Amino acid sequence: MHPTASVPGVVANGDTPAAPPGPLYQSPFRRHRTRVVVVGSVPIGGDHPIIVQSMTTPDTHDVAATVAQIRRLEEAGCELVRVTVPKPEDAHALTEIKKQITIPLIVDIHFDYKMALMALDHPIDKIRINPGNIGGMDRFRQVLRKAKDKGIPMRIGVNAGSLEREFAMKYGYPCPPAMVDSALRYIEIAESEGYHDLIVSLKSSDVATVVEAYRLYAKQANYPTHIGVTEAGKPPYAVIKSACGLAPILLDGIGDTIRISLLGDPVPEIQAAFDILQATQRRVRQPEIIACPTCGRLEIDLEGIIAQLEQRLQGRTTPIKVSVLGCVVNGPGEAKEADLGIAAGRGKGMIFKRGEMLRTVSEAEMVDALIEEIDRWEKEEMASGPALASPPGSSRRKLPLIGS
Ligand code: SF4
């Protein structure tokens, strides 16, 4: 007997008959259901895109340096910016900074609740405090009342490194349940003041702690989350560490705003955040190019083609997956999975669009042909709305995208 003869669906000559079309696979992805909190003009939570933010590094009272850095962040795509206010002169600079920038301004407070009260006299858009390090819950309540009066939202920033002793002692050390207990307690206090404009973060420099803390929190509360791995260190390792900590929770549907903490200039934090959102398909704001690593079977100048493609796609915001593979081993399969793809072989390439083969082009024509198809794709997307459905009966996987 042929070794495969008894395997269901496999005939004796080893050919697999075409499978009957089954139901379209549905991704189990569900986003953590959160209420919406509006920061300036930017809604956070609910079904809104995950917002990318950063924090400035100059002294906040140095208005020129702070504004110059915020403008560079804005140019890079930063959507919310936070400044620290440790001294009265920093609080006094807030009105002037706010006048000179276009994105919402967040104030970061540690230790001194008076700085929070002072900052709230300025036209800020959100305040971030760790209620555990401002000297007691009476002070926290004073800040809550003033934020409520002014209509300013607040982030409760729980950090494993500065967790209140009471919570750390309950579990022996600042573990995820201790962090979540502490966040829930602060939420309870805020709610008792009739204040609900909350965003919550549960940060740690330990990746596993971050993942567990956000997962635990998401089961128990519906205030939006600010996600991040704190004190991640120096890039590129810090970007990898952040991706390791944030990808699991993003793929669980958790996270409404994101900050990647990198040592040094904050501008690279923005690209890193968008790259992590793109790789997890949680928010895509530029074409994603999929290329094989190349090997001895390579039949085209793949590196050259990818370099040209990257250069010509700079500045494009279309959330499209474009794959270019160097030979016929995986090329056709990958090209069918992408929105647009080229499966190359011996100086030629077959162009696929949404799983359908369009035409064959020569190696020299590949980049022009792909750009032409991307232009056409953009026009079709504009005409049909952002959520272009998979063709009926197609097995092509389409993860839910949250566009810019
Ligand atoms: S697609 Fe082809 S050339 Fe590229 S890595 Fe795979 S086998 Fe090698």
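1. Concerning the pairing of strand β14 (residues 348–353)
Pairing analysis gives 6 bridges linking strand β13 (residues 340–345) to β14, with the strands arranged antiparallel. Residue pairing in the sheet places Gly 341 in a bridge with Phe 352 of β14. The antiparallel pairing of β13 with β14 creates a hairpin that spans 2 residues between the two strands, and Arg 346 there sits at a positive phi of about 45°. In the sheet, β14 pairs with strand β15 (residues 356–362) via 6 bridges, with the strands oriented antiparallel.

2. Brief notes about the nonpolar core
Grouped burial of nonpolar side chains is what soluble globular proteins tend to show. Within the largest apolar cluster, 81 residues are counted, with the highest numbers of intra-cluster contacts made by Ala 119, Ile 127, Ala 183 and Tyr 214. The element that contributes the greatest number of residues to this core is helix α7 (residues 176–192), accounting for 7 residues. For Ala 183, the residues in contact, after removing those within four places along its chain, are Ile 156, Val 158, Val 200, Leu 202 and Tyr 217.

3. A short note on the packing of helix α11 (residues 302–313) against helix α13 (residues 366–384)
Between α11 and α13, the shortest axis-to-axis distance is 10 Å and the interhelical angle comes to 35°. In this structure, the crossing between α11 and α13 has a hand that is right-handed. Touching Ile 305, Gln 308, Leu 309 and Arg 312 of α11 are Met 366, Val 367, Leu 370 and Ile 371, all from α13. In terms of residue class, the contact of α11 with α13 is made up of 6 nonpolar, 1 polar and 1 charged.

4. What to know about helix α8 (residues 207–218)
Here α8 spans 17 Å end to end across 12 residues, near enough to the 16 Å set by a 1.5 Å rise per residue. Every buried residue of α8 is accounted for by Val 210, Val 211, Glu 212, Ala 213, Tyr 214, Tyr 217 and Ala 218. Of the surrounding elements, those touching the buried residues of α8 are α7, β8 (198–203), β9 (226–227) and α9 (237–251).

5. Quick word on the site of the ligand
The immediate surroundings of the ligand are formed by Cys 292, Pro 293, Thr 294, Cys 295, Arg 297, Leu 298, Leu 325, Gly 326, Cys 327, Val 329, Asn 330 and Gly 331. Looking at side-chain class alone, the shell around the ligand contains 7 nonpolar, 4 polar and 1 charged residues.

6. Thoughts on the sheet that holds β13
With mixed pairing, the 5 strands of this open sheet are ordered in space as β11-β12-β13-β14-β15. Each end of this open sheet is capped by a strand with a single partner; those strands are β11 (288–291) and β15. With direction set aside, neighbouring strand axes in the sheet form an average angle of 20°. Sheet analysis places strand β12 (residues 321–325) next to β13, joined by 4 bridges and oriented parallel.

Analysis parameters
Residues numbered from 1 in each chain as written. Predicted model: local features only at pLDDT ≥ 70, side-chain atom pairs only at ≥ 80, totals over all residues. Pairing = 2+ DSSP bridges. Helix = DSSP H or I, 4+ residues; strand = E, 2+ residues; numbered from the N terminus. Core = buried A, V, L, I, M, F, W, Y, C linked by C-beta atoms within 7 Å. Buried ≥ 20, exposed ≤ 12 C-beta atoms within 10 Å, placed from the backbone. Contact = placed C-beta atoms within 7 Å. Axes fitted to C-alpha atoms, helices over the stretch in contact; angles between N-to-C directions. Left-handed = near helix turned anticlockwise from the far one by under 90°. Nonpolar A, V, L, I, M, F, W, Y, C, P; charged D, E, K, R; others polar. Expected span 1.5 Å × (residues − 1). Near = placed C-beta within 6 Å.

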